[in-house]
Amino acid sequence: MFLRGHFIDRYPEASGRSAICCAAGAARHARAANGRCAGGPVPAARAWGWRLLSDCRSTRPIHPQKSDRALRPEPEDPSPGAKRRGVSALAAGQPFFRRTLSRRLPVSLSVLSAWRRAATLLVCLLLLMTGTSYLHAQTGTGTIEGSVMDQTGKNIKGAAAAAIDAAGHVRNVATDARGAFVFEGLPAGVYTVQVSAPGFATETRNIVKVTPDATESLRFKMSIASVSQEVKVEAEADNSLASRLSPVKSVLDAGSARTEITSQYVENFTQSVTDFADIVQAAPGTVSWSTNGVGLGQAKIYFRGFVDDDYTMTWDGVPFNDSNDPSHHSWAYVPAPAIGYVDFDRSPGTAADMGPSNYGGSIHMFSPELHPQRSFRISESYGSFNTNQILGEYYSGLFGPGKKANFWLEGHHMTSDGYQTGNDQQRTAATAKFTYDFSDRSHLAAISTVVIVDSNTPDGDAYRFQIAQHGDNFLLETNRYNKDGSLNGLYNKLYNYHVPTDFEIVTYTHDWGKGWRLELKPYAYAYSNHQHFNSNQYSESGDDNGNLSGNPITSTSGLDKLNQYVKGGAIAHLSDASKYGVFRAGGWYEYTGTQRYQIASNPLTWQDSNLIGKIKFHESFITRSEQPYAEYQFVAIPHLTVTAGVKDAYYNMTVKQYASSKKVGLLTCKSTDTTVSCPAYVIHEKGYNNVLPSVEVNYRIHNNWSVYGQYGKGSIIPFSSVFDVTGAQVQVAPPPTVASTYQGGTVLKLNRVSMDADVYHIHFVNQYSSYTNKDVNSPDYDISYYYATPPSNTNGLEGEANIAFGRGVSLFLNGTLGEAKYEAAAATAATATAPAQAASPSAWVALAPHDTETIAPTYQRGGWNVGFFNKRVGTRWEDDGAYHQNVKLDPFWISNLFFNYTIRNGSRFDNSKIKLSFGNLFDQHNLVDLSPANGVSGNGVLYTPDSLDTLQLLPGRSIMVSFQLGFGPKGR
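Since we're looking at a predicted model, the values are computed, not measured. (Residues numbered from 1 in each chain as written. Predicted model: local features only at pLDDT ≥ 70, side-chain atom pairs only at ≥ 80, totals over all residues. Heavy atoms only, no water.)

Caption draft 1: Spatial organisation of the pairing of strand S25 (residues 615-634). Across 19 bridges, the pairing between strand S24 (residues 581-601) and S25 is antiparallel. The residue bridging Glu-590 from the neighbouring strand is Ser-625, located in S25. Where S25 hands over to strand S26 (residues 640-658), the hairpin turn is made up of five residues, of which His-639 adopts a positive phi near 70°. (Pairing = 2+ DSSP bridges. Helix = DSSP H or I, 4+ residues; strand = E, 2+ residues; numbered from the N terminus.)

Written out as structure tokens, the structure is:
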């Protein structure tokens, strides 16, 4: 009634039965704001809509008693004839209806016409009912408008705004000179609006409701970004189609070579049991592998000639690493479900970047964003190597008084036999995150993750002869006894890892007003790697003829190995924003307590020996790290941003080392003494300090094109092994190693093409060597000194791009070309603190590839996400002991294929998903690393292959299917 009356009032030329049908059509096409029905076209009516409306207009009149009574008003004073015949007032008042109702038809034609009329009426009625409900739910469109200003109240021009609907579709606009933006023509529904601008933290408004013919107004006051927040500036509000479709993104306001690995890549283009080492392979020049399969064992990351302990890794802004050296463990800390996206900064960063080894760069990982509405997810994945993972997630959505709190919980359990024989894996992990907004100015976030890893992994790789004899995937055996009845030294249950870890971070931010902002981040984490393994991995059950080889199991052939530490610290950033820029100051403090030992043990009972001569080493130490900094980000000149600062990196280590057969030696004990009868130890303390300057410049040539340049210094704390010499008598300790980085690049984002490229030069002082004075006539007899090895230089070119072809199809490319070599050094004579050294030619840094290439076509449209990622790693070299460029490693390819289909329709089962992944699709088994058994005589001398070389090979092809059930409220 209302619908028909509304249309007759608005369009008086639409009358009679055509008004009913036009109302039905208009209900289905509610966006027809200025249309005409009987007198003209209805705007926005599609072809099928036109046909339905045309049928309504052309339908022969029906019997009045079969007309639409639901829409027929009773006239106030109907004519008797109209009442008698049951004709509606609308029909009764129309001459057309009166004429046609009196018309007689042949019976046959009447029957046919009746069926036609009935069918047409049914369609019109269904269309009307559908359209009516559509009008009630989502009639017309609405508008979101807003304004964006900085902390001082100044309008921000060119800020990027994004409106994201429940299905994940994104609309992007930029603010004008008044700092204003507007989204017009938005279908009614619930949206998330994000606003970002260079140097500012991304601001988000959740559950923004759009109603028909109404305007929702928002006001954003931007806060100066902390170091951890800056990487999100363009995460969502990206006006380039190619950039939005790219699995990794570049950042227009970057001051260094940075790659943003998106949440879409993590969710859709990695295997379900992935880890952070596999995720970061999306960045240019990055090389990583796991010999047991992706996510099924320890993996290391290499880039630009840097090995694992040459760079910092952080999670939600907090650095994490081992305590004896700054290396990392991909299977322990930060499981993949706790990683939302990654910012990979291939530089020392600015002064505000905290960490123990920004020497080579920083890999910043961030936890997933919380959802504004409640939802659940549960998934199961099963695949090759009998790998199975069950995962559940719960998003609370905003809750509590004022909807200020939010919570997320994730838990998963994974088991696998692994690609390698006997290398079983089991991982149980959980992560929880809680946020609370005290006010518009004060925010709290707390996150914790716990991981427990158990595996049957040895301490070394398989020998060349074992692989030749048993196959590429050989590592351990599952038979407890040899053929002759003796115990099998390669029985996999004799090799046990137990690694529990936990990581907790609390972040509090407060905007003091007038440009001042504080971020405080206390944290703690713990790691306990306890291994028991048979130390002679050469033992095995025998060759094909049953001949035994290697040494038998004895009461001390096992090894009890512990590396355990607890860390606690805090990071603070205080910033002051003005019209000229942002001043930041703050620092990092960390305290670490460590226990480490390796003791001979009985592999049958794991009862440790208490003899000093059976202890490889036993030590405990305390490390304190302090890094105060100050920097200024100058933005007063339009389009130009200059960030300059300085950081003081100070480390202090106090080491207590007990008597042992290795490292510090027996001290005052004998090898037959016990730890009770001779508890001798030595204590040493050493402090290290470096002043590290940095400067970054970014210039916006256009709103979608920028160039940048950077100079920075990074350092690495000396390892605890500094004191691993006889008696720990270290007269001259090494300084921290320092790298100086010079690089420049550009970022360009066109609609169909996004790209970035950079060139770099890095000069770094390498790891040091020790020299022990053996001159009995010298006062420094038996005292060790450290000296630096020749420095090295890394030069290269990196680039990445994404090309959008349309209809969801794009092509992602990246590549690198570089050289990482030690400098040639002339011969030097012996001194009191260093031995004589022969001349050494220039040689490649270990495991630095000459080139890398990635080509990845993707299809991302509707619920489909399909990607075929192919990566080639060029020629690399491995060291042989202290010498370089001795073992040549040939190039290899690895190809991964992913199919994803996700339900995105706003239903209760939104985000339900099926995923099929193929790892190493073409089943390549290339040699990726090798430890030579025999020595060489100098740099550049090729080694001779030996049966006792230990090898690392690519794992074979893997296939995995995952089913995810999502559940939540409609319209998410």
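Caption draft 2: Quick look at the sheet that holds strand S13 (residues 318-319). Spatially, six strands are ordered S8-S9-S14-S15-S12-S13 in an open sheet, and the strand pairing comes out mixed. Two strands bound the open sheet, and with one partner strand each, they are strand S8 (248-249) and S13. With two bridges joining them, strand S12 (residues 312-315) and S13 adopt antiparallel strand pairing. Bridge assignment links Trp-315 to a residue of S13, and that residue is Val-318.

Caption draft 3: Seen up close, the state of the cysteines. Following the criterion strictly, the structure yields one disulfide and no others. Paired by a disulfide, Cys-669 and Cys-678 hold their sulfur atoms 1.7 Å apart. A torsion of -85° about the S-S bond marks the disulfide between Cys-669 and Cys-678 as left-handed. Assessed through its relative accessible area of 7%, Cys-669 is described here as buried. (Disulfide = S-S within 2.5 Å. Buried < 20%, exposed > 50% of the residue type's maximum accessible area, 1.4 Å probe, protein only.)

Caption draft 4: Spotlight on the environment of Gly-185. Structurally, Gly-185 is set in strand S4 (residues 180-187). With a relative accessible area of 39%, Gly-185 lands in the partly exposed category. Along the backbone, Gly-185 and Pro-212 are 27 residues apart, and their C-alpha atoms lie at a distance of 9.5 Å. Leaving out residues up to four positions away in the same chain, Gly-185 has contacts with Thr-141, Gly-142, Thr-143 and Arg-171. (Contact = heavy atoms within 4.5 Å.)

Caption draft 5: Up close: unusual backbone geometry. Although it is not a glycine, Asn-911 sits at a positive phi angle of roughly 70°. Examined against the element boundaries, Asn-911 turns out to sit in the loop between strand S41 (892-902) and strand S42 (913-919). On the accessibility criterion, Asn-911 (21% relative accessible area) is partly exposed. The phi dihedral of Asp-923 is positive, around 55°, even though this residue is not glycine. Checked against the element boundaries, Asp-923 lands in the loop between S42 and strand S43 (927-931).

Caption draft 6: Layout of the packing of aromatic side chains. Summed over all chains, the structure comprises 37 aromatic pairs. By the ring-pair criterion, three or more aromatic residues cluster together here, those being Phe-276, Trp-315, Phe-320, Tyr-333, Phe-503, Tyr-523, Tyr-525, Tyr-527 and Tyr-565. When the ring centre of Tyr-565 is taken as reference, the NZ or CZ atom of Lys-567 above it lies at 5.6 Å. (Phe/Tyr/Trp six-rings, centres within 6.5 Å; stacked < 30°, edge-to-face > 60°. Lys NZ or Arg CZ within 6 Å of the ring centre and 35° of its normal.)

Caption draft 7: Structural detail: the side chain of Thr-286. Tracing the sequence through the fold places Thr-286 in the loop between helix H10 (276-279) and strand S10 (287-289). With relative accessibility at 0%, the residue Thr-286 sits in the buried group. Reaching out from Thr-286, the side chain makes a polar contact with the backbone oxygen of Ala-283 at a distance of 3.4 Å. For Thr-286, the contacting residues outside a window of four places in its chain are Val-280, Gln-281, Ile-301, Tyr-302, Phe-303, Phe-344 and Lys-871. (Polar contact = N/O pair within 3.5 Å; in protein donor to acceptor, adjacent residues only side chain to side chain.)

Caption draft 8: Quick peek at the pattern of salt bridges. For the structure on display, the rule yields 19 salt bridges. Between Arg-258 and Glu-260 there is a salt bridge; the shortest N-O distance is 3.8 Å. Residue classification places Arg-258 among the buried positions, given a relative accessible area of 14%. Notably, a salt bridge pairs Glu-853 with Arg-872, separated by 3.1 Å at the nearest N-O pair. Placement of Glu-853 in strand S37 (residues 851-861) and of Arg-872 in strand S38 (residues 864-873) is noted, with a sequence separation of 19 residues between them. Looking at Glu-853, the relative accessible area reads 27%, which means it is partly exposed. (Salt bridge = Lys/Arg side-chain N within 4 Å of Asp/Glu carboxyl O.)

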